[in-house]
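Residue-level structure breakdown
Below are the chains, spelled out letter by letter.
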Amino acid sequence: MPTSSQVLVLNCGSSSLKFAVIDPRNGDLSVSGIGEALGEEEPQIKWSIHGQKFATSLPGDARHTEVIRFLVEQILNDKPELRDHLVAIGHRVVHGGEKFSHSVLINDAVINAIQECVALAPLHNPAHLQGIQAAREAFPELPQVAVFDTAFHQSMPRHAFVYALPFALYRDHGIRRYGMHGTSHRFVTERAAELLNLPVNEVNIISAHLGNGASITAIHNGRSIDTSMGLTPLEGLVMGTRCGDVDPGLLMHLSSRLDYCMKEISDMLNKKSGLLGISELSNDCRALEQAASEGHDGAQLAMDIFCYRLAKYIGAYHAVLPQVDALVFTGGIGENSSLVREKVLGQLRGLGYELDLGKNARARFGEEGPIASDRSCVTLVIPTNEEWVIARDAAELVPPDTPNHDPSVRE
Ligand code: AMP
């Protein structure tokens, strides 16, 4: 039973709220769950406590507030060993614009700043604000911390983040590359530094976060210097349903020649492209691997393009980094698909990569470690843990006069 400080981590989407109670010192997860279909006809909540699973439906009008209320009144009510040790609430916030390069304690000014970034993340930031409001009402005594997906990439230099567009679009409207998945890339950087026995501020890696969303980051001396996502998460790698890099002339062509409206273009590029669009079968890497092995041509092509484009980015990031201590794979695909890693490293032989087939096959389902031969550029699989980063940041920012404050968390 935990007796040390616990952090409640909240990740609010437009119609969902994911929650977790985590020990910030070791990442141990006591409670995790999700409220889904919020604002829709049949909202529900699923959760697990120490691995035991539960589920129930919520009232028809339930939104983020009702999920948090259920968490407090039903899930944590008879768990004083958790509830009474909560020290902070950590919120995942997708977009912090140029205002936040680190996690911050939430106050009214921070809320206003998140509000100002709504135009950059119109689906996510309003949901985060609802979640913050609901959590403030439910836990008025606890400090709330915002951890931004964009923060880690604020170290990118201008030449990496300014688009080759009229400069006024950046100056007057903030149109630039921001990058996402920063919390995951940061976790992987810190863990890679430990595994490589280097101080974080001396580690140089290429971090490939490959999940349903995917991005790759070049990290120099522990800081992001380039990343594949841009103003929005559409740019960069091929993803589950997003197209990644395309010729922007495509938009004019779709509009003027094929009569697509903006909504149709947006839906197509975000929801109907990527692995799903190419394969005409699925956005799920597992399903595509299976189908490709049974001769499905679209699945094979989708996997080929995914890996080829990823390998090209890795090559480009070798060019922007003065040295690469390790290439790191993470995210659902990066952590589990030995096939994707094999295809990508096969493409990169010219850069000095050589897979160790046995190690590659073993690094799955949460296993961490090297997957390349001793002669190769170092290549690691590191399971990501964004919730733990959020819990750690939240615990570290707790002011000393907070109830349950535990100074040892900072050690
Ligand atoms: P994420 O968004 O990080 O949860 O990752 C989801 C992606 O990981 C989906 O495309 C899954 O098919 C993929 N994935 C999960 N497990 C495996 C696996 N064992 N082999 C291949 N892909 C996997």
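Details of the structure are given in the entry above.
The notes below deal with the structure included here. (Residues numbered from 1 in each chain as written. Predicted model: local features only at pLDDT ≥ 70, side-chain atom pairs only at ≥ 80, totals over all residues. Heavy atoms only, no water.)

**Some points on the sheet that holds strand 8 (residues 144–148)**
To summarise the sheet geometry, strands pair through backbone hydrogen bonds and adopt either a parallel or an antiparallel arrangement. What the eight strands build is an open sheet, ordered 5-4-3-2-1-6-8-7; its pairing is mixed. Looking at the sheet topology across the chains shown, the edges are occupied by strand 5 (52–57) and strand 7 (104–105). Bridging between strand 7 and strand 8 involves two bridges; their strand directions are antiparallel. Along strand 8, the bridge assignment pairs leucine 105 with valine 145. (Pairing = 2+ DSSP bridges. Helix = DSSP H or I, 4+ residues; strand = E, 2+ residues; numbered from the N terminus.)

**Quick look at the pairing of strand 6 (residues 86–93)**
Judged by how many residues are buried, strand 6 sits mostly within the fold: eight of eight residues are covered. Sheet topology note: the strand 1 (residues 6–12)/strand 6 ladder contains five bridges and is parallel. Residue pairing across strands places leucine 10 opposite histidine 91, the latter belonging to strand 6. Direction of pairing for strand 6 relative to strand 8: parallel, over a ladder of five bridges. Paired with glycine 90 across the strands is valine 145, a residue of strand 8. (Buried < 20%, exposed > 50% of the residue type's maximum accessible area, 1.4 Å probe, protein only.)

**Remarks on the state of the cysteines**
All told, the structure shown has zero disulfides when counted by the stated rule. Its sulfur unpaired, cysteine 117 is 17 Å from the next cysteine sulfur, which belongs to cysteine 12. Here cysteine 243 stays unpaired: no disulfide links it, and the sulfur of cysteine 261, its closest cysteine neighbor, is 16 Å away. We classify cysteine 243 as buried; its relative accessible area is 11%. (Disulfide = S-S within 2.5 Å.)

**Thoughts on the sheet that holds strand 12 (residues 326–330)**
Read across the open sheet, the six strands follow the order 11-10-9-12-14-13; overall the sheet is mixed. The open sheet terminates on both sides in strands that have one partner only, identified here as strand 11 (223–227) and strand 13 (369–370). Summarising the sheet, strand 12 and strand 14 (residues 379–381) pair through three bridges and their orientation is parallel. Bridge pairing links valine 328 to leucine 380 in strand 14. On the sheet, helix 14 (residues 338–347) packs against strand 9 (205–210), strand 12 and strand 14 and is oriented at approximately 150° with respect to strand 12. (Contact = heavy atoms within 4.5 Å. Axes fitted to C-alpha atoms, helices over the stretch in contact; angles between N-to-C directions.)

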